[in-house]
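# Structural overview for review
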Amino acid sequence: MRDRPVVPRLRQRSPVHGLRRRGLGPLEVLAQSVSGAAPSAAMAATPAIVAVSAGGATVWSFVAATVLALLIAGCIARFTRRMAAPGGLYTLTAKGLSPGAAFACGVALLVGYGMLAAAALVGGATYLQALVLRLGGTGSVVLPVVAVVVVGLAAGGLALRGVRLSARVVLLAELVSITLMLAIFVLLLAAPLPGPDAAQPGPGLGGVAAGVLPALAAFIGFEVATSLGAEARRPFRSVPRAVTATAVVSGLLCVFAAQTQVVGFAAAPGGLAGQNAPVAVLATARGWPWVAPLLDLGLTMSFFACVLATVNGIARVLFSLGRDGVAPRGFGRTHPRFATPHVAIGVVAPVLVVVLAVALLSGAPLGGTLTFLLTVGTGGFLVAYLLVCLAAPVFLRRIGELTWPAVAATAVIVPILVAVLVAFVARSGGTPVVVVLAALAVAGACWFGWLRLRRPDRIAGIGVYDETVADDVLGADVVGAGVPGGGDGPGTGGPGTDGPGTGGSRGPDARPDRAA
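Everything quoted here is computed from the prediction, not taken from an experiment. (Residues numbered from 1 in each chain as written. Predicted model: local features only at pLDDT ≥ 70, side-chain atom pairs only at ≥ 80, totals over all residues. Heavy atoms only, no water.)

### A word on the overall build of the chain
Defined as follows: Helix and strand assignments follow DSSP, with helices taken as H or I runs no shorter than four residues and strands as E runs no shorter than two, numbered in order from the N terminus. Throughout, exposure labels follow a simple rule: accessible area from a 1.4 Å probe, protein chains only, divided by the maximum for the residue type, with under 20% read as buried, over 50% as exposed, and the rest as partly exposed. A contact between two residues is defined here by any heavy atoms of the two lying within 4.5 Å.
When you go through the chain residue by residue, the secondary structure sums to 18 helices and zero strands. Within the chain, buried positions represent 54% of all 516 residues. Across the chain, every contact between residues at least 6 apart in sequence was considered, and the portion connecting residues at least 24 apart equals 84%.

### A few points about unusual backbone geometry
The phi dihedral of Arg-22 is positive, around 60°, even though this residue is not glycine. Here Arg-22 is to be found in the segment before helix H1 (26-37). Owing to a relative accessible area of 5%, Arg-22 belongs among the buried residues under this scheme. One non-glycine residue, Ala-339, adopts positive backbone phi at about 55°. Tracing the sequence through the fold places Ala-339 in the loop between helix H11 (291-324) and helix H12 (342-361).

### Some remarks on helix H6 (residues 142-161)
This is how it is decided: Working rule for helices: expected span equals 1.5 Å times residues minus one.
Between its first and last C-alpha, H6 extends 28 Å over 20 residues, near the 28 Å set by a 1.5 Å rise per residue. Just downstream of H6 lies Gly-162, where phi reads positive at about 155°.

### Section: a nonpolar patch on the surface
Basically, it comes down to this: Patch definition: residues with relative accessible area over 30% and no salt bridge; like charges joined within 9 Å; nonpolar side chains (Val, Leu, Ile, Met, Phe, Trp, Tyr) joined within 5 Å. Computed with a 1.4 Å probe, the accessible areas rest on the Shrake-Rupley method; for each residue, only the protein chains presented here act as cover. We define a salt bridge as a side-chain nitrogen of Lys or Arg found within 4 Å of a carboxyl oxygen belonging to Asp or Glu.
Where nonpolar side chains cluster on the molecular surface, the patch consists of Val-141, Val-142, Val-146, Val-150 and Leu-361 and spans about 440 Å² of accessible area. Considering each element in turn, the nonpolar patch owes the most residues, three residues, to H6. With respect to the helices and strands, the residue Val-146 is situated in helix H6.

### Topic: the environment of Ala-245
Tracing the backbone through its elements, the reader meets Ala-245 in helix H9 (residues 235-264). Residue class for Ala-245 comes out partly exposed when judged on its relative accessible area of 28%.

### Let's talk about the nonpolar core
Operational definition: Joining through side-chain atoms within 4.5 Å is the link that ties buried Ala, Val, Leu, Ile, Met, Phe, Trp, Tyr and Cys residues into a set, and such a set is a nonpolar core.
Counting residues in hydrophobic clusters, the biggest one holds 148 residues, and the most contacted among them are Leu-89, Phe-222 and Leu-417. It is helix H5 (residues 99-134) that contributes the most residues to this core, 19 residues altogether. Setting aside residues up to four positions removed in sequence, Leu-89 forms contacts with Ile-76, Cys-105, Leu-109, Glu-223, Thr-226, Ala-384, Tyr-385 and Val-388. One finds Val-16, Leu-19, Ala-230 and Val-464 within the second-largest nonpolar core, a separate group that totals five residues.

### Focus on the packing of helix H2 (residues 39-54) against helix H8 (residues 205-216)
As a reminder, the rule being used: With axes taken as lines fitted to C-alpha atoms, and helix axes fitted only over the stretch in contact, angles between N-to-C directions fall between 0 and 180 degrees. Left-handed describes a crossing whose near helix is turned anticlockwise from the far helix by less than a right angle; the clockwise case is right-handed. Residue classes follow a fixed rule: Ala, Val, Leu, Ile, Met, Phe, Trp, Tyr, Cys and Pro count as nonpolar, while Asp, Glu, Lys and Arg count as charged, and any other residue, Gly among them, counts as polar.
Look at H2 against H8: their axes get within 8 Å of each other, and the N-to-C directions meet at 145°. For the pair H2 and H8, the sense of crossing is right-handed. In this structure, H2 contributes Thr-46, Ile-49, Val-50, Ser-53 and Ala-54 to the contact, and H8 contributes Gly-207, Ala-210, Gly-211, Pro-214 and Ala-215. Grouping the amino acids of the contact of H2 with H8 by side-chain chemistry returns six nonpolar, four polar and no charged.

### Digging into the confidence of the model for the chain
To keep things clear, this is the line we draw: Values of pLDDT, which run from 0 to 100, indicate the predictor's confidence residue by residue.
For the chain, per-residue confidence averages 84 on the pLDDT scale, and residues scoring 70 or more make up 85% of the total. Counting interchain partners and residues more than four positions distant, the pLDDT-below-50 stretch residues 476-516 has 105 contacts.

### Considerations on the pattern of salt bridges
Scanning all chains against the criterion turns up six salt bridges. Of the charged contacts, one joins Asp-466 and Arg-22 as a salt bridge, the two residues approaching to 2.9 Å between their closest N and O atoms. Residue Asp-466 is found in the loop between helix H16 (456-460) and helix H17 (470-474), and its partner Arg-22 is found in the segment before H1; the two are separated by 444 residues along the sequence. For the residue pair Asp-466 and Arg-22, the accessibility class agrees, reading buried in each case. The salt bridge involving Arg-134 is made with Asp-296; its shortest N-O contact spans 2.5 Å.

### Description of the environment of Gly-330
Turning to its location among the elements, Gly-330 is positioned in the loop between H11 and H12. Judged by its relative accessible area of 26%, Gly-330 falls in the partly exposed class.

What follows is the structure in structure tokens.
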């Protein structure tokens, strides 16, 4: 008598049920990461900031930052080729390091996404006000406040309505923004200003290293696609490719923008360093007054797309924390119709709007507020990147797939990120940035300590991720579509997975199949 084959026992619904699984195409996933990084805004503003530290090595600092971003993307891809998780780097870290490290990563992500979303709101309001002034309008504190309220609530509404709709909106907005920026920079590079080049410092190694920290800030948010793993159609392909492609695209655009601005200010004493609104200055010097309004329009659209992408990201991190039971469980609820974490979105968007509106009405300057929020957010992202890079080889060792490239990548990137973090703290010393980050770290430690005392079982099991369910393998006709209480919404499971029998996450608890 022949032995019957052993059939693995599959869940009837995913641990992240409620989200609309397998609905996003690769372009929609890519758009989220590109919008999170906001390369258009980075092209316009970051080179002048980097030039203050790097001098003549500005372009090479961006090249070095691009290499670092690609190494970080490689560490993230070692997870995302094998598992899909709405918690992004928080969940990935949980599968490699201790619960405490994973919790720290989750707190760092909340700080990073929250500050980046707030900064994008302020940045959008800043350039919208500039656009209105250029078109003959009058400036007042009312316009930025109205812009923050309208854009913030609109982003929350779109995020609530569905991730596919919001992904298409950010895709359109970012395509228009990047197209405008590329056209502007091509024109500027093709028509250099006349005059002899002023003496500029050469690109020394010290200058490159000094410029890496501000240059790396141009990439923060590029990993936001990891939070859409459970909702991507082919997560093991589209998510790692989106993160890597965003690092490449952002790096190329920033290198091109830096080269254009360095060449444009070659005849100016001091070069690019210290220039305020360098792109608009170059356009005005060439007698092109029409460039500045287009620039303001493109940057306003880019910041709006960034707000939407980061609201999606922070809502899904809160969703995962809620499902893990280490945050209020209400965050883990999803809308019965739209299949989005509506409670998390309903908290995040109004809080951002109210806090920023109050700050601006109290007289906070737009430029200073933008810089402060971006600096604090950068600190959160650096901690999250460091932890996920540390976790990658440990994760691979646990599943029996550790290779020397993974070890080498971590051995290179971790010391560099530690050095960047030290430099970040040193440069921010004596400013409110360090005070705010320290206060947030203390609050996170107190939160974790309370959980250790009162909810130790929840701490031990953190790291919820998407898993293969019966519908994914056997098909809806066999198992029955729409398992009662599943909450996955229409169109979940089954088609569009990463190969035969791999509907959900491959998972870290058993040897995964090779990614297609």
